[in-house]
Every structure is written in C-alpha cells, then in structure tokens.
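Here's the letter readout for the chains.
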Amino acid sequence: MQDFETLGAFYLGRPYDIATKTATPAPLMYDSRDLLTHAVCIGMTGSGKTGLCIGLLEEALIDGIPAIIIDPKGDLANLALTFPSLSGEAFAPWVNEDEAQRAGQDVPTFAAAQAERWKKGLAGWGQDGARIQRLKDAAGVTIYTPGSSAGVPVSILKSFAVPPAAVLEDRDLLRERLQTTVGSLLGLAGVQADPLQSREHILLAKILETAWLAGTDLDLVGIIQQIQAPPFTRIGALELDAFYPAKDRFGLAMALNNLLAAPGFDQWLTGAPLDVASFLRTEDGRPRAAIFSIAHLSDAERMFFVSLLLNEVLGWVRMQSGTTSLRALLYMDEIFGYMPPVANPPSKEPLMLLLKQARAFGLGVVLATQNPVDLDYKGLSNTGTWFIGRLQTERDKARVLEGLAGAAGGERFDRGAMSETLSALGNRVFLMHNVHESAGPLTFETRWTLSYLRGPLTRTDIKALTAGTGNGVPGTAAQGADVVARAVAGHAAAAGPEASVAQAASSLLSAPPVLPPGVTAMFVPARGVAAGGTLAYDPALYVAGSVRIADTKRRIAETMPVQVIVPLQPGATPLALDRAADTDVVPQDLEQAPRGPATYGELPPGATTTKSLDTWKRGVATWLYDTRTLTLLEHEASGQHSTPGESEAAFRARLSEALRVARDAKVEAIRVKYAARLQAQDERIRKAEQVLGKQQQEVSASTGSALLTAATGVFGALFGRKTLSATNAGRLGSAARGASKVMKEKQDVARAEENLATEQQKLVDLRAAIEAEAQQAAADEGVPVTPLVLRPKKTDVTVATAMLVWTPRADA
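## Quick word on the packing of aromatic side chains
- Inspection of every chain in the model, using the stated rule, returns 18 aromatic pairs.
- Here the aromatic cluster, defined as three or more aromatic residues joined through ring pairs, consists of Y144, F265, W268, F279, F292, F304 and F305.
- When the ring centre of W125 is taken as reference, the NZ or CZ atom of R14 above it lies at 4.2 Å.
- Over the ring of F232 we find K206; its NZ or CZ atom is 5.6 Å from the centre of that ring.

## Looking at the pattern of salt bridges
- Inspection of the entire model under this criterion finds 36 salt bridges.
- Overlapping salt bridges bring together D31, R33, E668 and R671 as one network.

## Structural notes on the sheet that holds strand β24 (residues 640-641)
- The strand order across the open sheet built from three strands is β24-β23-β25, with neighbouring strands paired in antiparallel fashion. The open sheet has two free edges, formed respectively by β24 and β25 (786-790), since each of these has just one partner strand.
- Here strand β23 (residues 630-635) pairs with β24 via two bridges, running antiparallel. Bridging across to β24, E634 finds its partner in H641.

## Here we look at the nonpolar core
- Ranked by size, the top nonpolar core spans 89 residues in total, and within it F279 and L354 carry the most contacts.
- The element that contributes the greatest number of residues to this core is helix α13 (residues 299-318), accounting for eleven residues.
- Every residue in contact with L354, bar those within four places of it in the chain, is listed here: H38, L310, V313, L314, V317, L330, L363 and V365.
- Counting 61 residues, the second largest nonpolar core, distinct from the first, contains A115, L135, Y452 and I462.

## Concerning the pairing of strand β11 (residues 288-293)
- The element β11 is extensively covered by neighbouring structure, given that six of its six residues are classed as buried.
- Residues R288, A290 and F292 point to one face of β11 and A289, I291 and S293 to the other, with burial holding for every one of them.
- Note: strand β5 (residues 67-71) against β11, five bridges, orientation parallel. Looking at the pairing, I69 lines up with I291 of β11.

Parameters at a glance
- Residues numbered from 1 in each chain as written.
- Predicted model: local features only at pLDDT ≥ 70, side-chain atom pairs only at ≥ 80, totals over all residues.
- Heavy atoms only, no water.
- Phe/Tyr/Trp six-rings, centres within 6.5 Å; stacked < 30°, edge-to-face > 60°.
- Lys NZ or Arg CZ within 6 Å of the ring centre and 35° of its normal.
- Salt bridge = Lys/Arg side-chain N within 4 Å of Asp/Glu carboxyl O.
- Pairing = 2+ DSSP bridges.
- Helix = DSSP H or I, 4+ residues; strand = E, 2+ residues; numbered from the N terminus.
- Core = buried A, V, L, I, M, F, W, Y, C linked by side-chain atoms within 4.5 Å.
- Buried < 20%, exposed > 50% of the residue type's maximum accessible area, 1.4 Å probe, protein only.
- Contact = heavy atoms within 4.5 Å.

Encoded structure:
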C-alpha cells in the first residue's frame, strides 16, 4: 500500500495524462499551506466535484484541521457516512432504495454490492478500512440544521448580542457587522433594503449600534420593542418622527413580529449558540467537521443564516493571532447567488473580506459551484488554487478562462492551450492551477473517497444519522433527541449548580442563643425562599480568604478567593469539614437579622468563645491547604499547559495549533536542509543517465560495424578466388577485433546501468531519510495530555474572616 500520510500534505489523487487518458502511479500530494491563499472548485453536475471536495475535507480532518462546511444541497453530510468495516450491513441503512430497485436487487443485496464496490475502489487508490477508521478517530462530524431539529439546531440569538471588543473598537468592522446583520434580518422578513437609502435599514442599524456600544445584548423581542420606542430621539440631523413616523415604524415592527410568530420560527431561537470556536472543536478537543445543512430552508432563510454565519467567522478570524499554518477551513458548496458579479447580497461583503484577510490568520476558504457564470471573478482573483472539472457550455468555459487569466496576474497565460485542456477533461479528471507550483497547471484524477457518497441526505436521513451510534446504525427519535440535547449542552457554557450547604440534624429553638460580648453571629441571606415562610437556621462557621497557588518554573500564579461555610455539629469535632461547601456569599452580603420568623439549631459547646473560633479558623486554614488544588492540563513534550479557567477543549485547540505551527517549522527546516543534497543527487542521476545513453549508442554503432565487416569478409571468401585473399583475411580479422570491442562496450553499458541504479537508490534512501525526519518532527503530537495538579504552600493560605453564622434551610 502506498504511503501518502505525509505531514501537511493532502492526498488528492494521481497526475493524469490527457493525451493517453491514463493516470501515473505516483500520488498527487497537495501542500495544505497552499490553502491559505484559498481555493475554488468549478465543475458541472457529474464532473466529480463533490468527490474531490469531500476528499480534500477528509485529508484536512486527518491532518487535524477543523472545517466549517456550508451545505446548501445536502451532499456534504456524506462525510458522516464512514464505515471502516466496509460491510453490507453498515451500508444497508444508507443506500438509495430507488437505485436498488433500478438494479433489480433488494436492499441487503444492493448494499453488499455497494460495500464491495467501495472496498475495491479504495484498494485501487491504496486505501482501506483502516484509513477510514483513522479519519473517524481523528475528527468528529456534527450536522447542524438551523431552523430545524433534524440535526443539531442552531440558535441565532447570539447574532444580536454585543460583538467582541475588537469589532466595537474598529468603526469599519462595526459598520460591516451592522450592515450584514441588519440586511440579513430584513431579507428574512421580506424587506429589500439599501444600507444607505432604506430607512428600515438605517433605523435597525442605529438601534443595534446604540445597544452594542452600551454593552447591551438584544434579541428579536427587544428589537421589535425598540422599533416602536427607540432609545434615541434623532437620526442624523432629523427628529426621529420626521425621519420615520411612529405609524410607519409600527408596520416594520409588525413585519418582524409576524416573522417571530410564524410556525416553526422557535427552532431558530434554540440550540447550539452561533459560536465559531465551539463549532471547530469537539468537547474532547478533536477537530470537527461542522456541517451546516441548509437544503430545507427557503432562499431568504438561507441568505439570512449564511450571512450571519459568515459574519461570525469573520469576527472569529479577527480575534485570532497571525500564523503561517493552516488553522481551519471554511468550505461552501454551491456559491451561486452568494457572491454574484453585480448584485450585493448580505453574504457577499463578508465573503470578500474573508478572501482578502483570512489568510493572515490561518483560515483557508474553499468555494465550489456548478454555475461558473454568476460569480464575481474579480473577488476570486486572489484565489491561489483553482480546481476545474468538466464544464457544460462554451459560455461556462469562457467565464472560467476569464477567471484563470485574472488569477494568473502578470504571468504568461496560454488561453488557447488552457481551452483545449478544459475541453478534454472527463469524469473525475480536474485541472489544478496552483500559483504556488512553478511547474504550471496540471491535470489529475481524484482519489476514491473514504466517505460513502450516497447523494443528498434528507432531513429524515439526518435525523436518523444524528441519533445513530456513529457506526452507520440509525437511531430512534428518542435517541436523536438525547444526542441533540447533549450536543447543545456541549456547546453551551458549563455552569455548575450553586453549592448548597449541608445541614446537620439538630433540635430547633424558637430564638437564637444568647452570645457573650465579643462573639457575634451573622445571617446568611435566605435566597430563593418564599416570603412569609418560616426559616430554619443551623449554626456554621463562615470563612473568607484566599489561596494562592504558584509555580515559578511554569510561570503560573493564581490567587483564588475562598468563601466556605462549615456546618457545626455536636460532639468532639464540632467542625463538620466533610460537609463544608463553597459559597458565593461575600462578607458584605451577610445580614445582621433573620428574614422573618425563624427557628434555630443548637450551638455546639465552645461556639460561644473567641478561643474556639481562633482554633476553628486555624483548622479551616489547614483543611484548605490539604484540599485546595489547581488542576490544569499539561503537554510535557512541548512544555505547553492550560491556563486557569481555560476549558480542556480550548487548551487542546490551542495546543493542536501550537504543535502544528512547530511541526510545520521543523518540516520546512528539513526541506531547506536537504534541498541542496536532493538537487545534487538529481544531478548525479542525470549524468549517470547521460553516460548510460552514450554507452548504449556506442554499443549499437560498434555492433553494426563489426557485423558488416564480418559479412564482407565471409562473402569475399565464399565467392572470390578459391584461396583466401589477404584482403578477405584482413576483413575477417577486423571483424574479430570489432567483436572484441563490442564486448568491452557492453561491459561499459552494464557498469553504467549499475551506476545509475546505485544513484537512484541513493535518492530513494535520501527521501526515506527526509520522511523519517519529518515524521520525527511530529513526534510531539503523539504525546498525551496529562493532568497537572498544583498545590499551595501553607504560607499562601490566608483566612481573612472567620465568624459564626446562621445558615437558612426550608422548614419542613
């Protein structure tokens, strides 16, 4: 089996000779960093465009690169159909029953045939079920269905929330965000609005801008309310009612309210928040293929969601640090209508900005379409890689040639030769024009995909797939609901339950015990208790202070505030440290009196003396020293560790990026290190080939001359005089000497062939050494992440407050 698991390189297929219509054995490896200058894939239906793009996405996921995938037709959800067993049973739930009927087979028979077809297809490209398993292990696949619960629903509420500070502080970024958000919302409501002329657009933009600059999140309900009663009285130089009278504003409010009240619109308000960082990584930190299936939406709904998502991606990009490695991919299938040459839909501006700016932050954009005419080729002029498959019409070919000419810039572009090549392309054969390759455009045949290309998936298919086990087995509706709920919960910020204070059983008194001078007792606020109820208070020790945990070597210094309530109990050990609980109550929150009627538990002996309080204070300090730790995650090989408050997924994402950048730097250094040696070895092979060619020519010439001389001598001897003349004898002698020369030159040829073989083997060995070093460069990526537990010093535990308190609980 071929070894194409090269670091930072994607196995796309094999070079293809148009003239002979054959592919070469060597794999076509595409440098992943070339996608930093983005790519576009163009081809008619049946050209193999979907297979090429799915193959590219598979390679990215195997290489640890997450992808956001916008899927208007339902084809890209096939990325979830990966069956390492390659068995008919795994394929059976997902084969097309209509195709089975047309083949005259039942579903199990047809599924077995499809499984066998996939097994043979993969084998023909040096792949097998083990590589499918590698893909499944490397990355997760989640299908999101905005506006539907078939997959994981997506909430758009975050789209109206306050954007990041980087956006608020840049007037151009803020204007772009406002323009796209408002344009998308109005488009969904059926209002065609110009950002400069439409009063609807200007009003909504002003409402959002005012709220965002004040740090206030909005939702649709809040927007509708502010349309009727805006928080400002002027727009520009005009009074609000002169610019947009209240009666007219009511009409806009009704249009948005009808949208909000429409059946099924609640699906847009629940689900995973529109957060790019959580889309790119799974909960365990693996890269994710986040597929946004929008085939079920109307055109207006698609434009609305795509525009919001692109805005979020643009905002995420602006928050990243610069890098020269590929950090993530944004793939959009069927770009038709989203980036037209003349019109300016809400999706166009963020797309254009991503094409111009995303490369510096490690985001590669890949766009695909089967409609090459309605594309803004000026916007694609900076695209570094073009994949072009079979085209339908001469008009399509002319537009693609125009785009290629623009992408070539000032370089020489042979339009005629390129036109002939495009006309000769067949199924699964593509032309690749890559500005990073000095050799120029080349044609190649795409490899067999690891994913089963079943065709577009319906909402029913997606629901079954989302509820499944991940091994191709469909799930039930109940399982699907559970999977969706867990997925949504995984995206939401984790919030632990509020700590509750355990209560010790005690007899209850109708009034608090009388305390001696110097000892006071405060009351913990009774939160969440209905007014008028009777409270039962139990005694406890309230402690507030801090614990500092530091590690000089790792440059970690974290001071954690501590507020603890320790129940008091009768007996020899009044402090019930086993039931101590953290609380968010700070000393300033404590109250001096109970809230209404109350009963009280019995104080343990010693609770009324300051000496006991001091002893208990020291006891709690020791307990804090013994129990308080700071648990982080560490990757020992690289020295990277998580920071306090950083989630595991966020750390793994940051670590993955850091390791990838380090790996790319090492691989590039290896390439530079061996470049001269490779060039020198290539030169030695070239010279050896020249020597061999010369020796072979000399053997051929000498062999012919010797044969001719011998033949002349024999002829003269046979047909001349009876006796052998001196001339004939000389000729025969020359023939003998010529034969001896031929033997010597053949030996020279053998030595030249042996020398060429030796030099070629040296090249193979050199490349093997390079690959071994490249693999070693990635060795750190295989080192697992381990917990890093840090403990405080005794001197770093500070107890600032220790006092007697009464803690409330509901009276039975």
